[in-house]
Amino acid sequence: MKRIAVFASGFGSNFQSIIDNVKQNKLNATVELLVTDRPNCMAIARAKQEKIEVYSFDPKQYTNKKDYESIILSHLKKKSIDLIVLAGYMRLIGDTLLKQYPGRIINIHPSMLPKYKGMDAIGQALCANETVLGVTVHYVNKEVDSGRIIMQESLDITQMKSRDEIEEKIHQIEHMMYPKAIQKVLEELYIESLD
Ligand code: GRF
C-alpha cells in the first residue's frame, strides 16, 4: 500500500475528500501525515479527528526554505512517504524536497492550466471574461503551477448566476478529481517499481 503525505495551509476540504476516498476504498493508499505551515488551520482539526499525524511549523521561525524543508524531509522519511500531495499548500516547494521526491509531488489548481497560475485563479479567469473555467492536477516543479499536467476538467459557467455557485462547482470537481488523479499517479509509480 502506497503511503501519502498531504500538505495543506487552510480549510482542507480536499484533504478531507482524500481521507474519505481512502476510507471508501476508492483510493488505494494510506494518509500517513499532514504537513502544514499554518498551526491553526482547519486541516489540522480534520487530521486530529481522523488520528492522522500532523507536522506543523511556522515558516517565520526559519531563516530559509532549506531549513524548514530539511525538517519536513525527516518527517517524510520517518513515515516512508511515497507521494506528496499538495492540497491548498500556499508555498512553493524548494530543491530540498524536489530532489528527494522527483515525480512524486503533485498539486491541484482551480484553473485550466497553463492559464491563470498563482493566487485567486478563479478571480483571474472571471476578470478575463472566461466562460469556461476548470481544475488541473499537475506534477510540481520549481515554478508556480507549471509542472506536467496529469488530469484536467473544464466547467462551462455560462448558465451560472454567482461567483459562489461557480466556486462551489469548482470544489465539487476538485473533490471528485483529486482522489482519482492520486490513484492514477500511484498506479504509475507501482508499474515503475516493477520495471
Ligand atoms: C483548492 O481550490 C485548490 O485547488 C487550491 O487551494 C484550494 C484548497 O482548498 N490549490 P481546500 O483547503 O482543500 O478546501
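> Even after reading the chapter, I still don't get the layout of surface pockets, so can you show me in this structure?
A water-sized probe rolled over the atoms picks out the places where empty space is left. Here the largest pocket is characterised by a volume of approximately 840 Å³. Taken together, 35 residues form the lining of the largest pocket, with G88, Y89, M90, I108 and P110 sitting closest to its centre. The element best represented in the lining of the largest pocket is helix α6 (residues 163-194), accounting for five residues. Class assignment for the residues of the lining of the largest pocket results in 16 nonpolar, twelve polar and seven charged. Within this model, the second largest pocket holds a volume of roughly 150 Å³. Where the lining of the second largest pocket is concerned, the elements lending two or more residues are α1 (13-23) and α6. No other element matches the five residues that α6 contributes to the lining of the second largest pocket. Of the residues assigned to the lining of the second largest pocket, the class counts are two nonpolar, five polar and three charged.

> Is there a simple way to explain the sheet that holds strand β6 (residues 132-139) in this structure?
Strands belonging to one sheet form pairs held by backbone hydrogen bonds; the direction of such a pair is parallel or antiparallel. With respect to topology, seven strands assemble into an open sheet ordered β3-β2-β1-β4-β5-β6-β7, the strand pairing being mixed. Both edges of this open sheet fall to β3 (53-56) and β7 (149-156), since each of them pairs with a single strand only. For this sheet, the mean inter-axis angle between neighbouring strands, taken without regard to orientation, is 20 degrees. Here seven bridges tie β6 to β7, and the two strands are oriented antiparallel to one another.

> How should I be thinking about the nonpolar core in this particular structure?
In a soluble, globular protein the nonpolar side chains are often hidden away together inside. Counting residues in hydrophobic clusters, the biggest one holds 42 residues, and the most contacted among them are I106 and I182. With residues near it in sequence (within four places) discarded, I106 still touches L83, I84, V85, L86, V137, H138, Y139, V140, I150, Y178, I182 and V185. Counting residues in hydrophobic clusters, the runner-up holds 20 residues, among them V35, F57, Y68 and V140.

> Would you take a moment to explain the packing of α1 against α6 for this structure?
Two quantities define a packed helix pair, namely the angle between the helix axes and the distance between the axes. Contact geometry of α1 with α6 gives a least axis separation of 9 Å together with a crossing angle of 55 degrees. In terms of axis orientation, α1 runs oblique to α6. Pair α1 / α6 crosses with right-handed handedness. Along its contact with α1, which presents S13, N14, S17, I18 and N21, the element α6 presents E174, H175, Y178, P179 and I182. In terms of residue class, the contact of α1 with α6 is made up of four nonpolar, five polar and one charged.

Cut-off values and rules
The residue numbering used here restarts from 1 in each chain and proceeds along that chain's sequence as written. Since the coordinates come from a predicted model, pLDDT governs what is reported: local features require at least 70, and pairs of side-chain atoms require 80 or more to be given and counted, while whole-chain, interface and lining totals use all residues. Water and hydrogen atoms were dropped before computing side-chain values, which therefore reflect all heavy atoms in the structure. A 1.4 Å probe that fits but cannot get out identifies a cavity on a 1 Å grid over protein atoms alone, an open set with protein on both sides within 12 Å along at least five of seven lines counts as a pocket, and a residue lines either if it has an atom within 4 Å of a point. Grid points are joined across faces, edges and corners, and a volume is the space filled by probe spheres set on the points. Each helix is a run of H or I in the DSSP string that is no shorter than four residues. Each strand is a run of E no shorter than two, and both are numbered from the N terminus. As a working rule, the residues Ala, Val, Leu, Ile, Met, Phe, Trp, Tyr, Cys and Pro are called nonpolar, Asp, Glu, Lys and Arg charged, and the rest polar, with Gly in that last group. For two strands to pair, DSSP has to find at least two bridges joining them. Between N-to-C directions, angles span 0 to 180 degrees; the directions come from axes that are lines fitted to C-alpha atoms, helices contributing only their stretch in contact. Buried Ala, Val, Leu, Ile, Met, Phe, Trp, Tyr and Cys residues that are joined via side-chain atoms within 4.5 Å together make up what is termed a nonpolar core. Exposure is judged per residue with a 1.4 Å probe applied to protein chains only, and the accessible area is read against the type maximum: over 50% gives exposed, under 20% gives buried, and values in between give partly exposed. In what follows, a contact means two residues having at least one pair of non-hydrogen atoms within 4.5 Å. Any angle from 65 to 115 degrees is called roughly perpendicular, while one under 35 is roughly parallel, one over 145 is roughly antiparallel, and all others are oblique. Left-handed describes a crossing whose near helix is turned anticlockwise from the far helix through less than a right angle; right-handed describes the clockwise counterpart.

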